[in-house]
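So the chains spell out like this:
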Amino acid sequence: MATAKGKAISDPIDLVLALGHEIGNLLAATRLHAHLIDADTTAAERSKIAATIGELSSRMGSLLAQIRPLVSPVPDGAPKVDPLEVLDGVHRGIEESCDERVAIDLESAVGLPTAVIDPEPLHHILLTTIYQTLEESEPDGKVAVAAFAQAESVVFTVDGESECEGVEGSALAGRALLHAVADAILRPRHGQIAIRSRGTGNRVELTVPAVRPERA
C-alpha cells in the first residue's frame, strides 16, 4: 500500500495480526504478574504488582483502540480538537503509577492552533508511545510530553532518555510496530510520525494538520 508520495504503508491486516501478537504478549505478562501474588506476598509487593498490571492493561487497551482506525475508511470532514484537550486527555489517561516518571507540559499547548484530527486514535498513539518509551528507559527514567506549532501543523512530542535504534525494516514488534501503526493511521489523515535523536535520548514527533489561520 502506498501514499501519494509513493512511500509504502504496511498492510493494515499485517498490522492487526502483529497487534494481536503484541497484545497476547502483554496478556501473558499480566497473567505472570497475577500468579506472583500468594499468601506470602507483602502489601508493598502487592501494590507494585497491581501497578504493573494496571500499566499492562492500559497498554493493551490503547493497542486494541488503534485497530478500528487501521481498518476503517478515513471519514470525510475530519473532526477538530484543541491540542490542550489532547494533552489533558493523555494526562488523565496515563496510569497513576507512571505519574512520577511522565511530565506532561499542558502549558505548551495553550494558545496553539486547533488540530484537524480524530482525537481518539491520536490519544491512543500518544499513550502507546509513552508506555513504549518508559519500557525502553531505565527504571527511574523520565518521559516528557509537550506540543508546539509548526507551519500549518501541530506537533506532539514524547521525549525519552534512552536511544533506540531505527525502526525501518525492523520486525513488526515493539517500537517498530507502534511506529508502523501510527504511520498507517496518521498519513492518510495528512499527519506523520518521526523519531529523532536529541543526543541525550530520542524524541518521537507526531505531526498533525492544523486549522489554517484566516487571512486578512
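Preceding this section is the structure that the text describes.
Residues numbered from 1 in each chain as written. Predicted model: local features only at pLDDT ≥ 70, side-chain atom pairs only at ≥ 80, totals over all residues. Heavy atoms only, no water.

> Can you walk me through the overall build of the protein chain in this structure?
Looking only at helices and strands, the protein chain has six helices and seven strands in total. Counted from the first residue to the last, the protein chain has its helices and strands arranged as α-α-α-β-α-β-β-α-β-β-α-β-β. Relative to the compact-globule value of 17 Å for 216 residues, the protein chain shows a C-alpha radius of gyration of 18 Å, a close match. For the protein chain, the C-alpha atoms occupy an extent of roughly 70 × 40 × 35 Å along the three principal directions. Residues classed as buried in the protein chain amount to 44% of the 216 residues present. (Helix = DSSP H or I, 4+ residues; strand = E, 2+ residues; numbered from the N terminus. Rg over C-alpha atoms; globule rule 2.2 N^0.38 Å. Buried < 20%, exposed > 50% of the residue type's maximum accessible area, 1.4 Å probe, protein only.)

> Would you explain the layout of surface pockets in this entry?
Left-over empty space is what a probe sized like a water molecule reveals as it rolls over the atoms. Of the pockets and cavities examined, the second largest pocket occupies roughly 360 Å³. Taken together, 15 residues line the second largest pocket, and the ones lying closest to its centre are Thr52, Glu55, Cys98, Arg101 and Leu134. When residues of the lining of the second largest pocket are traced back to their parent elements, those giving at least two are α2 (43-65) and α5 (119-136). It is α2 that contributes the most residues to the lining of the second largest pocket, six residues altogether. Split by residue class, the lining of the second largest pocket holds six nonpolar, three polar and six charged. (1 Å grid on protein atoms, 1.4 Å probe; cavity = no way out; pocket = protein on both sides within 12 Å on 5 of 7 lines; lining within 4 Å. Points joined across faces, edges and corners; volume = space filled by probe spheres on them. Nonpolar A, V, L, I, M, F, W, Y, C, P; charged D, E, K, R; others polar.)

> I keep staring at unusual backbone geometry and nothing clicks. Help me out?
Backbone geometry follows two general trends: most residues other than glycine have a negative phi, and most peptide bonds adopt the trans configuration. For Ala151, which is not a glycine, the phi torsion comes out positive at approximately 50°. Within the element layout of this structure, Ala151 appears in the loop between β4 (143-150) and β5 (153-160). Taking relative accessible area as the criterion, Ala151 reaches 81% and is therefore assigned exposed. Backbone geometry places His190, a non-glycine residue, at a positive phi of 65°. The class for His190 is exposed, based on a relative accessible area of 68%.

> Just to check I follow, could you spell out the packing of helix α1 (residues 12-35) against helix α6 (residues 174-186) for this structure?
The angle between the axes and the distance between the axes are what describe a pair of packed helices. Closest axis-to-axis distance for the α1/α6 pair is 11 Å, and the angle between their directions is 140°. For the element pair α1 / α6, the angle class is oblique. By crossing handedness, the relation of α1 to α6 is classed as left-handed. Together, Leu15, Ala18, Leu19 and Glu22 of α1 and Gly174, Leu177, Ala180, Val181 and Ala184 of α6 make up the contact between the two elements. Grouping the constituent residues of the contact of α1 with α6 by class yields seven nonpolar, one polar and one charged. (Axes fitted to C-alpha atoms, helices over the stretch in contact; angles between N-to-C directions. Parallel < 35°, antiparallel > 145°, perpendicular 65-115°, else oblique. Left-handed = near helix turned anticlockwise from the far one by under 90°. Contact = heavy atoms within 4.5 Å.)

> Looking at this structure, how should I read the packing of helix α4 (residues 83-93) against α5?
It is at 10 Å that the axes of α4 and α5 come closest, and there the two elements cross at 50°. The angle between α4 and α5 falls in the class oblique. Once α4 is placed against α5, the crossing between them reads as right-handed. On α5, the residues touching Val86, Gly89, Val90 and Gly93 of α4 are Leu122, His123, Leu126, Leu127, Ile130 and Tyr131. A per-class count over the contact of α4 with α5 returns seven nonpolar, three polar and no charged.

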